[in-house]
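One-letter residues, chain by chain:
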2 protein chains.
Amino acid sequence: MRVFNFSAGPAVLPEEVLTQAQDEMLDWHGSGMSVMELSHRGPQFANIVARAEADLRELLAIPQSYRVLFMQGGALAENAIVPLNLLRGRTVADYVDTGSWSQKSIREAQRYCEARVIASSAASGYTHIPPQDEWQMSAAAAYLHLCTNETIGGLEYHWLPELEGGVPLVADMSSHLLSRPVPIERFGLIYAGAQKNIGPSGLTLVIVREDLLGGAHPLCPSAFDYQVVADHGSLFNTPPTYAIYIAGLVFEWLKRQALPGRTPLQTMEARNIEKSELLYGTLDASGWYRTVVEKADRSRMNVPFFLGDDALDGVFLKGAEERGLVQLRGHKSVGGMRASIYNAMPRAGVVALVDYLTEFERQYG
Amino acid sequence: MRVFNFSAGPAVLPEEVLTQAQDEMLDWHGSGMSVMELSHRGPQFANIVARAEADLRELLAIPQSYRVLFMQGGALAENAIVPLNLLRGRTVADYVDTGSWSQKSIREAQRYCEARVIASSAASGYTHIPPQDEWQMSAAAAYLHLCTNETIGGLEYHWLPELEGGVPLVADMSSHLLSRPVPIERFGLIYAGAQKNIGPSGLTLVIVREDLLGGAHPLCPSAFDYQVVADHGSLFNTPPTYAIYIAGLVFEWLKRQALPGRTPLQTMEARNIEKSELLYGTLDASGWYRTVVEKADRSRMNVPFFLGDDALDGVFLKGAEERGLVQLRGHKSVGGMRASIYNAMPRAGVVALVDYLTEFERQYG
């Protein structure tokens, strides 16, 4: 019945998580209620949110000096909420432009400050990430913003910049948070819409260093003031309780994946390397399929590719669907195909895709 | 297994809705995917959101000149989003203060404008709604704001004001939208957090007259600019897809409730009148239980009451839980008990509560 779902997000979730949610739908842990029906102020939900935060802290080794916030509005809302909170009277913020999602962040930030594009790979069509020695950093920047995985273009940072002068590093990690270990202490703030590796849409994770709280612009809505959200343990406004519950189940699932001698995220990283190498390897070995991102900057999560003949896109997608390989159409701004292979995409899904790619090329290539 | 859940929100949902969600959890309509896994840009979710909007429009008889927006952040976020969108250069907005939720709206609005309290029942301890002849309306007000059902205090407007001079009427209807017919055309804007009569938390409904779009403050985040949200059919940022799906199932459930010759909301209103009269009648008939809200302004949704002896609160709550009557503790700012009896609370739940009230009074009163 189930298909292999390559959607960029909302995206595939672990089947074990969905099965558990199904089992508990009408009666969570003997409460006689669905999680959706629990008061966010009651002891049961308090337990759910506390466990979710504790598990996330464990998974990402989040230092105590960082706060975890469960927010709403996704990365697009954070694109405004970040400058509203972090400018703290400054008028400049630095942005590295590596594609569609960086651009969205830049456009929104420009409404609040001088959002300086200190490096961009636009000229090359976003096929690489500009190396740090090309970045023209501003002395007065309130923060430096990266999108560390470009969901649409399929680029991923496999390195992190060294920042001087205490400028906080801010990252939109929506589409690869939890896919690999992250040195949280290198960042001032990380945000991520949940609908890739975390859980359902409608939940945004924010991980923020405590000293960055408390400087919100006077016109920042209270519900999006990091200090207010932190002071209320993410319960200033009613949080998306069911989405937090599902995210918590995903965190538990991640913890169960750990191989001996490895952390859960080291395990996921190894799996994601293997899955992405299998897919990129097949595409590279073919003379017919085409990818455009430089190898060093390829995303392990989002793999855009093109057929040798665009006119066959429809045939390819139809054949894929017949095999239960769905949501492979590329983003409209890029065209072609895109396979998103998040944590919850089993290796078997990538194998099935690779088999189909090989067979399709043999028939049509 | 299931209990009667009197939570003020997140609150009880129709069991039929939860059962359907459970059935469809791993495979929505033969897609091989959970609704949580569907791309918000794909045809399947487009179908879900279109049907949800169409059903909501039908249920509330929303005129074509109004837009329906599926947003995030709840009523507390809207308390900022409303002035950010509706002030349109004006500096004054009128607010009627009828309790905790009005006060939250007022406090937040004061960050954006002169939020004038044109009437308040604070002096009487919020036991009534100030009649319109006491309201001191401002000539220059950008809008006039009401909370038409005070979830904590248990007050509900059973009438609507007549406004002159075209001042838009704005209402926080979080805790009673869909519990009765509403003349939408009397309002400029209605907002409601979903977690009472609509669906899970994390979804906010906004119904706004088209001529009020397009005037957002330059610092309003794009994701909360009504014009932007409307232009993108609520898909500017990734919406809370699963919450919209559940709300859609609730709308379908409401449509199935209609009695012959009545609309769904006329049917719900009659049921809600009957349920609330049963509960208030029992409380009134007792010389021991106490309510404080004036009869004409009592909420049909949220019924706060006090035992004759506060020292018995713990005994009462424990006995209630043993009978499967849960989440009856009053809000901490009010004390005592509160029974929230939304659409999804069956009459049998109110009967069970009333039986318990009678028995408890007999034993302890």
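Residues numbered from 1 in each chain as written. Chains lettered and ligands numbered in written order. Predicted model: local features only at pLDDT ≥ 70, side-chain atom pairs only at ≥ 80, totals over all residues.

1. A look at the overall build of chain A
Secondary structure assignment for chain A yields 9 helices and 13 strands. At 21 Å, chain A has a C-alpha radius of gyration in line with the 21 Å of a compact globule built from 365 residues. Expressed along its principal axes, the backbone C-alpha trace of chain A runs to roughly 60 × 55 × 40 Å. Here chain A holds 365 residues, and the buried ones make up 53% of them. In chain A, 67% of the contacts between residues at least 6 apart in sequence involve partners at least 24 apart. (Helix = DSSP H or I, 4+ residues; strand = E, 2+ residues; numbered from the N terminus. Rg over C-alpha atoms; globule rule 2.2 N^0.38 Å. Buried ≥ 20, exposed ≤ 12 C-beta atoms within 10 Å, placed from the backbone. Contact = placed C-beta atoms within 7 Å.)

2. So, the interface of chain B and chain A
Counting residues at the interface gives 55 residues for chain B, matched by 55 residues for chain A. If you list the elements that add at least two residues to the side of chain B that touches chain A, you get helix H1 (15–23), helix H3 (74–86) and helix H6 (241–257) of chain B. Sorting elements by how many residues they give to the side of chain B that touches chain A places H3(B) first, with 5 residues. Counted by class, the side of chain B that touches chain A contains 28 nonpolar, 22 polar and 5 charged residues. (Nonpolar A, V, L, I, M, F, W, Y, C, P; charged D, E, K, R; others polar.)

3. Here's the deal with the packing of helix H2 (residues 43–60) of chain A against helix H6 (residues 241–257) of chain A
All names here are of chain A. Running from N to C, H2 and H6 cross one another at 40 degrees; their axes reach a closest spacing of 9 Å. Taken together, the axes of H2 and H6 are oblique relative to one another. H6 is crossed by H2, and the crossing has left-handed handedness. Note on element contacts: H6 touches H2 through Thr-241, Ile-244, Tyr-245, Ala-247, Gly-248, Phe-251, Glu-252, Leu-254 and Lys-255, opposite Phe-45, Ile-48, Val-49, Arg-51, Ala-52, Asp-55, Leu-56 and Leu-59. Across the contact of H2 with H6, the residue classes break down as 11 nonpolar, 2 polar and 4 charged. (Axes fitted to C-alpha atoms, helices over the stretch in contact; angles between N-to-C directions. Parallel < 35°, antiparallel > 145°, perpendicular 65-115°, else oblique. Left-handed = near helix turned anticlockwise from the far one by under 90°.)

4. Let's talk about the relation of the copies chain B and chain A
In this arrangement, two copies of a chain are superimposed by a rotation about an axis accompanied by a shift along the axis. Turning chain B through 180 degrees and shifting it by 0.0 Å along the axis lays it on chain A, with an RMSD of 0.0 Å. Interpreted geometrically, this transformation is the action of a two-fold axis. Nearest to the rotation axis, the C-alpha of B:Gln22 is located 2.6 Å from it, this being the minimum over chain B. Both copies contact each other with a shared surface, as 100% of the interface residues of chain B are interface residues in chain A too. (Least-squares fit on C-alpha atoms with pLDDT ≥ 70 in both.)

5. Quick word on the sheet that holds strand S8 (residues 169–172) of chain A
All names here are of chain A. One open sheet holds the 7 strands; their spatial order is S2-S10-S9-S8-S5-S3-S4, and the pairing between them is mixed. Because the sheet does not close on itself, it has two edges, and the strands there are strand S2 (66–71) and strand S4 (114–120). Averaged over all adjacent pairs, the angle separating strand axes in this sheet is 20 degrees, with direction ignored. Where S8 meets strand S9 (residues 189–193), 3 bridges bridge the pair, whose relative direction is parallel. Among the inter-strand pairings, Ala-171 is bridged to a residue of S9, identified as Ile-190. (Pairing = 2+ DSSP bridges.)

6. A short note on unusual backbone geometry
Leave glycine aside and you will find that most residues have negative phi; peptide bonds, for their part, are mostly trans. Across the junction of A:Gly9 and A:Pro10, the peptide omega takes the value -15 degrees, indicating a cis bond. Note on placement: A:Pro10 falls in the loop between strand S1 (4–5) and helix H1 (15–23). Positioned with a positive phi, B:Ala61 is a non-glycine residue whose angle comes to about 50 degrees. Residue position: B:Ala61 is located in the loop between helix H2 (43–60) and strand S2 (66–71). Backbone geometry places B:Leu178, a non-glycine residue, at a positive phi of 80 degrees. Here B:Leu178 shows up in the loop between strand S8 (169–172) and strand S9 (189–193). Using a count of 25 C-beta atoms within 10 Å as the deciding quantity, one classes B:Leu178 as buried.

7. Some words on the pairing of strand S10 (residues 204–209) of chain B
All names here are of chain B. Counted residue by residue, S10 has 5 buried out of 6 residues, so it is predominantly covered. Sheet topology note: the S2/S10 ladder contains 6 bridges and is antiparallel. Looking at S10, one finds that Met-71 is bridged to Thr-204. Strand direction decides the pairing type here: S9 and S10, joined by 5 bridges, are antiparallel. Note that in S10 the partner of Tyr-191 across the bridge is Val-206.

8. Some remarks on the nonpolar core
Within the largest apolar cluster, 223 residues are counted, with the highest numbers of intra-cluster contacts made by A:Leu189, A:Ala247, B:Leu189 and B:Ala247. Once residues within four sequence positions are removed from consideration, B:Leu189 is found in contact with B:Val82, B:Leu86, B:Pro168, B:Val170, B:Val206, B:Ile207, B:Val208, B:Arg209 and B:Leu212. (Core = buried A, V, L, I, M, F, W, Y, C linked by C-beta atoms within 7 Å.)

9. With respect to the sheet that holds S9(B)
Residues and elements named next belong to chain B. Judged by pairing direction, the sheet is mixed, and its 7 strands sit side by side in the order S2-S10-S9-S8-S5-S3-S4 without closing on themselves. For this open sheet the edge positions go to S2 and strand S4 (114–120), each flanked by a neighbour on one side alone. On average, each strand axis in the sheet is inclined to that of its neighbour by 20 degrees, with strand direction left out of account. The strands touched by helix H4 (residues 100–109) within the sheet are strand S3 (92–97), S4, strand S5 (144–147) and S8, with S3 carrying the most contacts at an inclination of about 160 degrees.

10. Regarding the domain arrangement of chain A
By a frequent convention, interface size equals the accessible area lost on bringing the separate parts together. All names here are of chain A. The domain architecture assigned to chain A consists of domain 1 (15–256) and domain 2 (262–364). Placing a centre on the C-alpha atoms of domain 1 and another on those of domain 2 gives a separation of 26 Å. With 25 residues of domain 1 at the contact, the number on the domain 2 side is 24 residues. By residue class, the composition of the side of domain 1 that touches domain 2 is 7 nonpolar, 13 polar and 5 charged. (Domains from an automatic or database assignment.)

11. Quick notes on helix H3 (residues 74–86) of chain A
All names here are of chain A. Between the first and last C-alpha of H3 there are 17 Å, a value that for 13 residues agrees with the 18 Å anticipated at 1.5 Å per step. At Ala-80, H3 is bent by approximately 30 degrees, the largest bend along its length, and proline Pro-83 sits one to four residues beyond. Burial analysis of H3 places 13 of its 13 residues in the buried class, the great majority of the element. Just downstream of H3 lies Arg-88, where phi reads positive at about 45 degrees. (Expected span 1.5 Å × (residues − 1). Bend = angle between axes of the 7 residues up to and from the residue.)

12. Quick look at the packing of H3(B) against H4(B)
All names here are of chain B. Relative orientation of the contacting elements H3 and H4 amounts to 45 degrees, with a least axis distance of 9 Å. One way to sum up the angle between H3 and H4 is to call them oblique. Two packed elements cross with a definite hand, and for H3 against H4 that hand is right-handed. Note on element contacts: H4 touches H3 through Lys-104, Ser-105, Glu-108 and Ala-109, opposite Leu-76, Asn-79, Ala-80 and Pro-83.

13. Describing the environment of A:Arg41
Within the fold, A:Arg41 resides in the loop between H1 and H2. Remark: the alpha-carbon pair of A:Arg41 and A:Ile246, spanning 205 residues in sequence, is separated by 18 Å.

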